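# Descriptive structure summary
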Amino acid sequence: TNIGLTEIRTDTYHHVSVYNPPLGGGISQSLNLTVNAPTMPPVSTTTPRGTFNLRKQTTGGTGDVTFNFTGVFSDSITVNTAIGTGVNTYNLNVGTYTIAEASKPGWSLSSIVCTSNGMPNGTANLANRSTTFTITANTTTTCTFRNTNP
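Residues numbered from 1 in each chain as written. Predicted model: local features only at pLDDT ≥ 70, side-chain atom pairs only at ≥ 80, totals over all residues. Heavy atoms only, no water.

## Quick look at the confidence of the model for the protein chain
Short version of the rule: Known as pLDDT, the predictor's per-residue confidence is scaled from 0 to 100. Runs of E in the DSSP output that reach at least two residues are strands. Runs of H or I that reach at least four are helices, and both are numbered from the N terminus. Between two residues, a contact is recorded if the distance between any of their heavy atoms is within 4.5 Å.
Chain-level statistics for the protein chain give a pLDDT mean of 78 and a share of 70% at 70 or above. Ranking the elements of the protein chain by mean pLDDT puts strand β1 (residues 13-20) last with 42 and strand β8 (residues 108-116) first with 97. Predicted confidence is poor over residues 28-44, with pLDDT under 50, and the contacts of this stretch with residues over four places away or in other chains come to 27 contacts.

See the structure below:
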């Protein structure tokens, strides 16, 4: 005998009884099946993210200059020294990250400043040319690397 079940949901308790009537006066058989659905924690369909702006400022120099970065990602920013600023924007998962600027002949790194929504965020290490910062959900964090060319 084929038995069809029309619905068993995973979020409830189920009790199913099946009765197989005897053919030709035989013995009846029954089957009881109990399904207890496990309790599952809610599943998040989105990963918390924040915006990260990698900002490059220059003083001095001429023309376009490219600065390279490593750490949470490898990237570069090309800055036209007449304008003096370049920005790359990223959407990052919540967490703590480190980014470092590669040295550039003729340029000195004078400061690294990170802020989140206007408040200080991160720890800069000029000797290592790096900073560690935290991304929190729905905030914008900006790290500015300033270089001068005497």
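After that view of the structure, there is still more to cover.
## Describing the sheet that holds strand β3 (residues 49-60)
To keep things clear, this is the line we draw: A strand pair is defined by DSSP finding two or more bridges across the two strands.
Pairing in this open sheet of five strands is mixed, and the strands run β6-β3-β12-β8-β9 from one edge to the other. Strands at the two margins of the open sheet, each flanked by one partner only, are β6 (85-93) and β9 (119-120). Sheet topology note: the β8/strand β12 (residues 140-149) ladder contains eight bridges and is antiparallel. When the sheet's bridge partners are listed, Ser111 is paired in β12 with Arg146.

## A closer look at the side chain of Thr142
Here is the rule: Any residue under 20% of the maximum accessible area for its type is buried, any over 50% is exposed, and the rest in between are partly exposed; the area is computed with a 1.4 Å probe on protein chains only. Two N or O atoms count as a polar contact when they lie within 3.5 Å, although within protein this holds only if one can serve as hydrogen donor and the other as acceptor, and sequence-adjacent residues are included solely when both atoms are side-chain atoms.
Within the secondary structure, Thr142 sits in strand β12. The buried category is assigned to Thr142, whose relative accessible area is 18%. Within the structure, Thr142 has its side chain in polar contact with the side chain of Asn53 (distance 3.2 Å). In this structure Thr142 touches Asn53, Arg55, Val113, Cys114 and Thr115, once residues within four positions along its chain are discounted.

## Considerations on the side chain of Glu101
Looking at the secondary structure, you find Glu101 in strand β7 (residues 95-101). With a relative accessible area of 3%, Glu101 lands in the buried category. At 3.2 Å, the side chain of Glu101 forms a polar contact with the side chain of Asn147. Aside from chain neighbours lying at most four places away, what touches Glu101 is Lys56, Phe67, Asn68, Phe69, Leu109, Arg129, Phe145 and Asn147.

## A closer look at the state of the cysteines
Rules: Disulfide assignment relies on a single distance test, namely cysteine sulfur atoms paired within 2.5 Å.
Following the criterion strictly, the structure yields one disulfide and no others. Here Cys114 is linked by a disulfide to Cys143, with a sulfur-sulfur distance of 2.0 Å. One disulfide, between Cys114 and Cys143, carries an S-S torsion of 115° and so falls in the right-handed class. Highlighted residues: Cys114 in strand β8 and Cys143 in strand β12, separated in sequence by 29 residues. Side by side, Cys114 and Cys143 carry an identical accessibility label, which is buried.

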